[in-house]
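Overview (structure and organization)
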Amino acid sequence: MSAPGGHHHTAGAVHRPRLVAALAVTATVMVVEVVGGVLSGSLALLADAGHMLSDAAALALALGATWLAARPSRGHWTFGWQRAEILAALVNGVVLAVIGVLVLIEGIQRLGADPDDVSAPLMMAVAAVGLVANLVCLRLLHAGQRESLNVRGAYLEVLGDLLGSVAVLVAGVVIALTGWQRADAVASIAIGVLILPRAGSLLRDVGRVLLEAAPEGMALASVREHMAQVPGVVAVHDLHAWTITSGVPVVSAHVVVEDDVLERTRFCEVLDALQDCLRGHFDVTHSTVQLEPVGHAGAEFRLHE
């Protein structure tokens, strides 16, 4: 963690140039798909263009959030604006879910109606351009989505659009070979079905952060066990672990120590050992540890487990 008043370098901020490049590619192809969808009469292509619009918005939001997250902590904002990246991921997840539902509903309605004629060659050509663009964006964002929920939100938007481009291409081939115009509506339904699970996955992970669950992969029993192995430590209680933003886990704990630990030399030695333990075993660089004498433990244990 940065010192108070310093700038924070979050996992998302590291990948800011890639977000800028992905946004430029996505915005350009979105315009191409809108024009192609109107000229070809393809609902699936327009649905894919709508998803491209959400991709561009998601990337812009993710980019803005990385800038906010890097602002220094001051005043009431003791962690700065780092949580802005999680809020951006939340918005992207909700938008992704809404688009998935709307596309699904529209596709089902179109499936039951008399289908309009669709220009399959133009539909396939534009979808192919979108497919290539999505592949480029996925390549740009792939590394960052493993490290940052903010980048992952944008990545999943692009992945959903990639699957949509594939569905449009398949529909275009079916229409060109068989003349079955309803393939366009089926492709729209497929796009909606593919989007929704990814939106749910992102929202679940965002919920874990906002509800301050322990970081994924961190077992509190293991944390307590490692801390208890530090010489001079009697017990660990009131242990909490949560995530400020992706890549920034935080731990706080009350640690009962032997009485002689409270002497100046041993106090610093044990405190350093505890923080080294958290940093080395669990990658926690921001921790708050309260050392307590054994005689104080009885009152504390009645309040906290």
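None of these values were measured; they are calculated from a predicted model.

Rules used in this analysis
Residues numbered from 1 in each chain as written. Predicted model: local features only at pLDDT ≥ 70, side-chain atom pairs only at ≥ 80, totals over all residues. Heavy atoms only, no water. Salt bridge = Lys/Arg side-chain N within 4 Å of Asp/Glu carboxyl O. Buried < 20%, exposed > 50% of the residue type's maximum accessible area, 1.4 Å probe, protein only. Patch = residues over 30% accessible without salt bridge, like charges linked within 9 Å, V, L, I, M, F, W, Y side chains within 5 Å. Areas by Shrake-Rupley, 256 points an atom, 1.4 Å probe, with all protein chains shown as cover. Helix = DSSP H or I, 4+ residues; strand = E, 2+ residues; numbered from the N terminus. pLDDT = per-residue confidence, 0-100. Contact = heavy atoms within 4.5 Å. Polar contact = N/O pair within 3.5 Å; in protein donor to acceptor, adjacent residues only side chain to side chain. Pairing = 2+ DSSP bridges. Axes fitted to C-alpha atoms, helices over the stretch in contact; angles between N-to-C directions. Right-handed = clockwise from strand over helix to strand, strands pointing away. Expected span 1.5 Å × (residues − 1).

Turning our eyes to something else, we now look at the pattern of salt bridges. Applying the stated criterion across every chain yields a total of five salt bridges. Here Glu258 ties to Arg266 by a salt bridge, and the two come within 3.9 Å at their closest N and O atoms. Look at Glu258 and you get partly exposed, because its relative accessible area is 36%. Arg266 is paired through a salt bridge with Asp260; the nearest N and O atoms lie 3.2 Å apart.

This brings us to a nonpolar patch on the surface. Taken together, the side chains of Val31, Val35 and Leu39 present a nonpolar region at the surface, about 290 Å² in accessible area. Mapped onto the secondary structure, Val35 falls in helix 2 (residues 16–40).

This next bit is on the confidence of the model for the chain. On average, residues of the chain score 81 in pLDDT, and 89% of them are at 70 or above. Mean pLDDT per element in the chain: helix 10 (residues 297–303) is the minimum at 48, and helix 8 (residues 220–228) is the maximum at 94. Predicted confidence for residues 1–8 stays below pLDDT 50, and this span has 23 contacts to residues more than four positions away or in other chains. In the model, residues 301–305 has pLDDT below 50 throughout and makes seven contacts with residues more than four positions away in sequence or in other chains.

Our next topic: the side chain of Glu292. Among the structural elements, Glu292 can be located in strand 3 (residues 286–293). Side-chain polar atoms of Glu292 contact the side chain of Gln290, separated by 3.0 Å.

Right, let's get into the environment of Val261. As for its position among the elements, Val261 is in the loop between strand 2 (249–257) and helix 9 (264–282). C-alpha of Val261 to C-alpha of Leu291: the two residues are 30 residues apart in sequence and 8.9 Å apart in space. What Val261 contacts, discounting residues up to four positions off in sequence, is Gly232, Arg266, Phe267 and Val270.

The three strands are arranged 1-2-3 in an open sheet whose pairing can be described as mixed. The sheet is open, and its two borders are formed by strand 1 (233–243) and strand 3, each paired with just one other strand. Sheet twist, expressed as the average angle between the axes of neighbouring strands with direction ignored, equals 15°. In this structure, strand 2 lies alongside strand 3, joined through eight bridges in parallel fashion. Its bridge partner lying in strand 3, His254 is registered against Gln290. Against the sheet, helix 9 engages strand 1, strand 2 and strand 3, with an angle of about 140° to strand 3.

Let us now look at the pairing of strand 2. Across the nine residues that make up strand 2, a large majority, nine, are buried. Neither face of strand 2 is exposed, since Pro249, Val251, Ala253, Val255 and Val257 on one face and Val250, Ser252, His254 and Val256 on the opposite face are all buried. Judged from the eight bridges that link them, strand 1 and strand 2 form a sheet pairing that is antiparallel. The residue bridging Ala241 from the neighbouring strand is Val251, located in strand 2. Two successive antiparallel strands, strand 1 and strand 2, enclose a turn made up of five residues, where Gly247 displays a positive phi of approximately 85°. Of the crossover connections in this fold, the one passing from strand 2 over helix 9 to the parallel strand 3 is right-handed.

Once that is clear, we can look at helix 9. Each α-helix turn comprises 3.6 residues. Residues three or four places apart therefore point the same way. Its 19 residues place the ends of helix 9 27 Å apart at the C-alpha level, agreeing with the 27 Å of an ideal helix rising 1.5 Å per residue. Buried residues along helix 9 sit in contact with helix 8, strand 1, strand 2 and strand 3. Residue Asp283 follows helix 9 closely and has a positive phi angle near 60°.

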